[in-house]
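# Analysis of the macromolecular model
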Amino acid sequence: EDQVTQSPEALRLQEGESSSLNCSYTVSGLRGLFWYRQDPGKGPEFLFTLYSAGEEKEKERLKATLTKKESFLHITAPKPEDSATYLCAVQIETSGSRLTFGEGTQLTVNP
Amino acid sequence: KAGVTQTPRYLIKTRGQQVTLSCSPISGHRSVSWYQQTPGQGLQFLFEYFSETQRNKGNFPGRFSGRQFSNSRSEMNVSTLELGDSALYLCASSGYTGELFFGEGSRLTVL
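Residues numbered from 1 in each chain as written. Chains lettered and ligands numbered in written order. Predicted model: local features only at pLDDT ≥ 70, side-chain atom pairs only at ≥ 80, totals over all residues. Heavy atoms only, no water.

### Considerations on the sheet that holds strand β3 (residues 19-26) of chain A
Residue and element names in this part refer to chain A. An order of β1-β3-β8-β7-β6 is seen for the 5 strands of this open sheet, with the pairing classed as antiparallel. The outermost strands of the open sheet, each flanked by one partner alone, are β1 (3-7) and β6 (56-59). Here the strands of the sheet are splayed against their neighbours by 15° on average, with no regard to which way each runs. Pairing of β3 with strand β8 (residues 70-75), which is carried by 6 bridges, proceeds in the antiparallel orientation. By the bridge assignment for β8, Leu21 is matched with Leu73. (Pairing = 2+ DSSP bridges. Helix = DSSP H or I, 4+ residues; strand = E, 2+ residues; numbered from the N terminus. Axes fitted to C-alpha atoms, helices over the stretch in contact; angles between N-to-C directions.)

### Points about the interface of chain A and chain B
Tallying the contact residues gives 19 residues for chain A and 26 residues for chain B. Roughly 1600 Å² of surface becomes buried between chain A and chain B when both sides are summed, with 48% attributable to carbon and sulfur atoms. Broken down residue by residue, the surface that chain A buries against chain B is led by A:Ser97, A:Arg98 and A:Phe101, which jointly contribute 31%. Connecting chain A to chain B are 0 salt bridges. Broken down by secondary-structure element, the contributors of at least two residues to the side of chain A that touches chain B are β4 (30-38), β5 (45-50) and β9 (84-92) of chain A. With 3 residues, the top contributor of residues to the side of chain A that touches chain B is β4(A). Taken together, the residues of the side of chain A that touches chain B sort by class into 8 nonpolar, 8 polar and 3 charged. (Contact = heavy atoms within 4.5 Å. Buried area = accessible area lost by both parts, 1.4 Å probe. Salt bridge = Lys/Arg side-chain N within 4 Å of Asp/Glu carboxyl O. Nonpolar A, V, L, I, M, F, W, Y, C, P; charged D, E, K, R; others polar.)

### Describing the nonpolar core
Ranked by size, the top nonpolar core spans 22 residues in total, and within it A:Leu33, A:Trp35, A:Leu73 and A:Tyr86 carry the most contacts. Put simply, the parts of the chain that give this core at least two residues each are β2 (10-14), β3, β4, β5, β7 (62-66), β8, β9 and β11 (105-110) of chain A. Aside from chain neighbours lying at most four places away, what touches A:Tyr86 is A:Gln6, A:Leu21, A:Trp35, A:Tyr36, A:Arg37, A:Leu47, A:Leu62, A:Leu73, A:Gly104, A:Thr105 and A:Leu107. Ranked by size, the runner-up nonpolar core spans 21 residues in total, among them B:Leu46, B:Val78, B:Tyr89 and B:Cys91. (Core = buried A, V, L, I, M, F, W, Y, C linked by side-chain atoms within 4.5 Å. Buried < 20%, exposed > 50% of the residue type's maximum accessible area, 1.4 Å probe, protein only.)

So, to be careful, I would describe these as geometric facts and stop short of saying anything about function.
Here it is, written out as structure tokens:
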């Protein structure tokens, strides 16, 4: 069974304090690993898709990396507006567009 | 470019009633997926439609159903509502890149 585990469940940072979120996965036939950001009461906002081990993608203060067993979302010098829940999801080769999500990491950045 | 549109955004029903939720995908996207999000279970896959055909189905009872029209718009229906069906129902569309883009969701409360 496909499994996605995110850690930590919650993370509090001071503005400017860099850190990383972890997403470990166990799947057969990974097609892609997705990162989303979700604000309270809203739908998930697409951030990145990673397709192969060693791949990296960046967007503003966020950088996502992928290995064969896990992905990291690095947040450099975060700002209060980066506060949100960050979701990781995997898509496997035999399941169309279906995503299996982790439970998310709730990030709070204090000014 | 307009995003994924879901209606209604909020609704309240009582146990035993049924509900229909609507989703208009991003123009040109032919795949529409539905997810249920609750605090306890996170994001759970309901089903996926592609070119009016159900391509994938999650582990939900038969009370949950959906369909897709020729213009790619999709509806999902939940019959005989239970208290546990209270959730945020999210629709996502995807095109040839395989990346999923979510709408803002329909918040269903069952009393």
